Amino acid sequence: MLATVATMAAGTVQAKTPAPVQDKPVNCDNCKEWNAPVKPFNVFGNSWYVGTAGLSAVLVTSPQGHILLDGALPQSAPLIIANIKALGFRIEDVKVILNSHAHWDHAGGIAALQRASGATVMASASGALGLQSGTNGKDDPQYQANPVVHVAKVAKVKVVGEGEVVKVGPLVLTAHMTPGHTPGGTTWTWTSCEGDRCLNVVYADSLNPYASGDFTYTGKGGSTDISASFEASIAKVAALPCDIIIPVHPGTTDVLGKAARRSGTDNPLIDANACRAYAAEAGGLLAKRLAKERGEAVPLEAKGAAHAH
């Protein structure tokens, strides 16, 4: 305090050094591909894609301030900020940052984005712990991943629960707890309008049944049996009012390809069956995984294999 007073008295008050917009990057097999820059675009109405080639981030805008969903990798933060600026918006006008789940490929950039915007960060109770610790919790199916990855910690996180509504001006986004991929998985929904036409937008968290080490979803080997809650999460996403789905990995539903194929008369992003299809694929992967853990025959409809993140 004395040093501050002396500096002020001398008339040489120094401005704070701005915090860098990127923290230490994460290196992974897919990181370069995931973090490839893409041109931001309008999804519908006041919803905008501002993420990267392989990691979604969505900006929902209003004159009273904006809401940003997810922060991708630590090295994605400058790209997200640049995308927001390219659309004519300001990172400083982001009032809230929402998280789907706290894995480093969706939450790694949140600390830097929070510093740049001053926004309030919100997540589920389990997600908040992950954001505050900078790594996976012990109850995470990927806790035993090797090597353990740490990202910048988010000091303050406001906890949201099932059905809780987040508001900024006229924006109203609703939290849906969808645990399974992580214990704190959260899917977010809202309505975007163009004139009199309003559509239900779903920012769908991962429903991918991928686990590391000896973790099991059925509770074998000392893990807690979370198979029923995971199945319930998949059913919840399938039942959501859903005209447009943006999953946390855009390639899961070909978001970028559909956006590129839009024309004046056709918008492939608008698909009333999209959430059901997304859930059906996840349900097949989970059924395959559970059957293997239980030593049962794999269901015929369970195709494909789960993948990391």
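Quick rundown of the state of the cysteines? Include the residues and the values.
Joining two cysteines, a disulfide is a covalent bond between their sulfur atoms. Within this structure, the stated rule accounts for 3 disulfides. Note on cysteine connectivity: cysteine 193 is disulfide-linked to cysteine 198, with sulfurs 2.0 Å apart. Taking the torsion about the S-S bond as the criterion, the cysteine 193 to cysteine 198 disulfide, at about 105°, is right-handed. The partner cysteine of cysteine 242 in its disulfide is cysteine 275, sulfur to sulfur 2.2 Å. The sign of the 75° torsion about the S-S bond sets the cysteine 242-cysteine 275 disulfide as right-handed. Here cysteine 242, found in the loop between helix H7 (227-239) and strand S12 (244-247), pairs with cysteine 275, found in helix H9 (residues 274-294); they are 33 residues apart in sequence, far enough to count as distant. Overall, cysteine 242 belongs to the buried group, its relative accessible area being 6%. Going through the protein chain in sequence order and numbering each bonded cysteine, the pairs you get are 1-2, 3-4, 5-6.

Which residues make up the pattern of salt bridges, and what values do they have?
Going through the model one piece at a time under the given rule, you end up with 5 salt bridges. In this structure, arginine 90 engages aspartate 93 in a salt bridge whose closest nitrogen and oxygen atoms are separated by 3.1 Å. As a salt-bridge pair, glutamate 293 and arginine 289 come within 2.8 Å of each other at their nearest N and O atoms. You can see glutamate 293 and its partner arginine 289 sitting in helix H9, 4 residues apart, about one turn around the helix.

Reading the values: the criteria
- Residues numbered from 1 in each chain as written.
- Predicted model: local features only at pLDDT ≥ 70, side-chain atom pairs only at ≥ 80, totals over all residues.
- Heavy atoms only, no water.
- Disulfide = S-S within 2.5 Å.
- Helix = DSSP H or I, 4+ residues; strand = E, 2+ residues; numbered from the N terminus.
- Buried < 20%, exposed > 50% of the residue type's maximum accessible area, 1.4 Å probe, protein only.
- Salt bridge = Lys/Arg side-chain N within 4 Å of Asp/Glu carboxyl O.

Function cannot be inferred from these measures alone, as they are strictly geometric.
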